[in-house]
Amino acid sequence: VLVNQGEVLFFGNQYDIENSSAGAVYIDRTNSSNPDPAKLLNSGGGSTTINPLSVTLKITVVNASQAVIVGARCRIEKQSDSSQLLQAETDLNGIAQTTYQYVSDTAIRARVRMSSTGTTRYVPVDTVGTIVSTGYSVTIVLYVDGNVAA
């Protein structure tokens, strides 16, 4: 076991976790800790569950001048089945975010748009990425759509 700045990393162990009690133990993974579910020992008759790692999915939206854009619509979905992971508008800091229960790397699609009637309209942005054990974070630059009158 290696402990470094709040990370607990397991390697080279016969068992990563031993539960010698007769009760249930639930382990929350944080800061990229990596206990192997195949290396659990329930020696006292109890059970051990390793919960998925909770990570942040974050989109920051700015314009060409790097000023934040408030109210941009952001969506993140899995590439595998199009299930929606984030559907939100950016806040006063230009950020839309949520938490996600990480189990393994997940390929995603992200879309950002801002084209409300009566305001500056921007060209929508579509991108792809991967949710990893540290989460997913991207900054999207929106450019004014010169083909659409405000």
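Overview of the structure. Since we're looking at a predicted model, the values are computed, not measured.

Topic: the pattern of salt bridges
Then comes step 1: Tallied over the entire structure, the rule returns four salt bridges.
Then comes step 2: Where Arg73 meets Glu89, a salt bridge forms, and the shortest distance between an N and an O atom there is 3.9 Å. Placement of the pair is Arg73 in strand 8 (residues 73-78) and Glu89 in strand 9 (residues 84-89), with a sequence separation of 16 residues.
Then comes step 3: Taking the shortest distance from any N to any O, the salt bridge between Arg111 and Asp126 comes out at 2.7 Å. Of this pair, Arg111 sits in strand 11 (residues 106-113) while Asp126 is found in strand 12 (residues 125-131), placing the two residues 15 residues apart along the sequence.
Then comes step 4: Given a relative accessible area of 26%, Arg111 falls into the partly exposed group.
Then comes step 5: Since its relative accessible area comes to 54%, Asp126 is described here as exposed.

So, the sheet that holds strand 12
Two modes of strand pairing occur in sheets, parallel and antiparallel, and in both the strands are linked by backbone hydrogen bonds.
Then comes step 1: Across the sheet, four strands lie side by side as 9-8-11-12; this open sheet has antiparallel pairing. The open sheet has two free edges, formed respectively by strand 9 and strand 12, since each of these has just one partner strand. Put simply, the sheet's adjacent strands are angled 15° from each other on average, direction ignored.
Then comes step 2: As defined by bridge partners, strand 8 adjoins strand 11 across six bridges and the pair is classed as antiparallel. Bridge pairing in strand 11 links Arg73 to Arg113.

Side note on unusual backbone geometry
Then comes step 1: For Gln66, which is not a glycine, the phi torsion comes out positive at approximately 70°.
Then comes step 2: By the element assignment, Gln66 lies in the loop between strand 7 (53-63) and strand 8.
Then comes step 3: Under the relative-accessibility criterion, Gln66 is labelled exposed at 52%.
Then comes step 4: Phi is positive for Ser82, close to 60°, though the residue is something other than glycine.
Then comes step 5: Counting through the fold element by element, Ser82 comes out in the loop between strand 8 and strand 9.
Then comes step 6: Residue classification places Ser82 among the partly exposed positions, given a relative accessible area of 41%.

Observations concerning the pairing of strand 9
Then comes step 1: Relative to strand 9, strand 8 runs antiparallel, the two being bridged by five bridges. Across the sheet, Arg75 pairs through a bridge with Gln87, a residue of strand 9.
Then comes step 2: Here strand 8 hands over to strand 9 after five residues, with Ser82 in that stretch at a positive phi of 60°.

Quick look at the pairing of strand 6 (residues 47-51)
Then comes step 1: Of the two faces of strand 6, the one lined by Thr48 and Ile50 is fully buried and the one lined by Ser47, Thr49 and Asn51 carries no buried residue.
Then comes step 2: Here five bridges tie strand 4 (residues 24-28) to strand 6, and the two strands are oriented parallel to one another. Across the sheet, the residue bridging to Ala24 is Ser47, located in strand 6.

Cut-off values and rules
Residues numbered from 1 in each chain as written. Predicted model: local features only at pLDDT ≥ 70, side-chain atom pairs only at ≥ 80, totals over all residues. Heavy atoms only, no water. Salt bridge = Lys/Arg side-chain N within 4 Å of Asp/Glu carboxyl O. Helix = DSSP H or I, 4+ residues; strand = E, 2+ residues; numbered from the N terminus. Buried < 20%, exposed > 50% of the residue type's maximum accessible area, 1.4 Å probe, protein only. Pairing = 2+ DSSP bridges. Axes fitted to C-alpha atoms, helices over the stretch in contact; angles between N-to-C directions.

Fair warning: the whole summary comes from geometry, so function is off the table for now.
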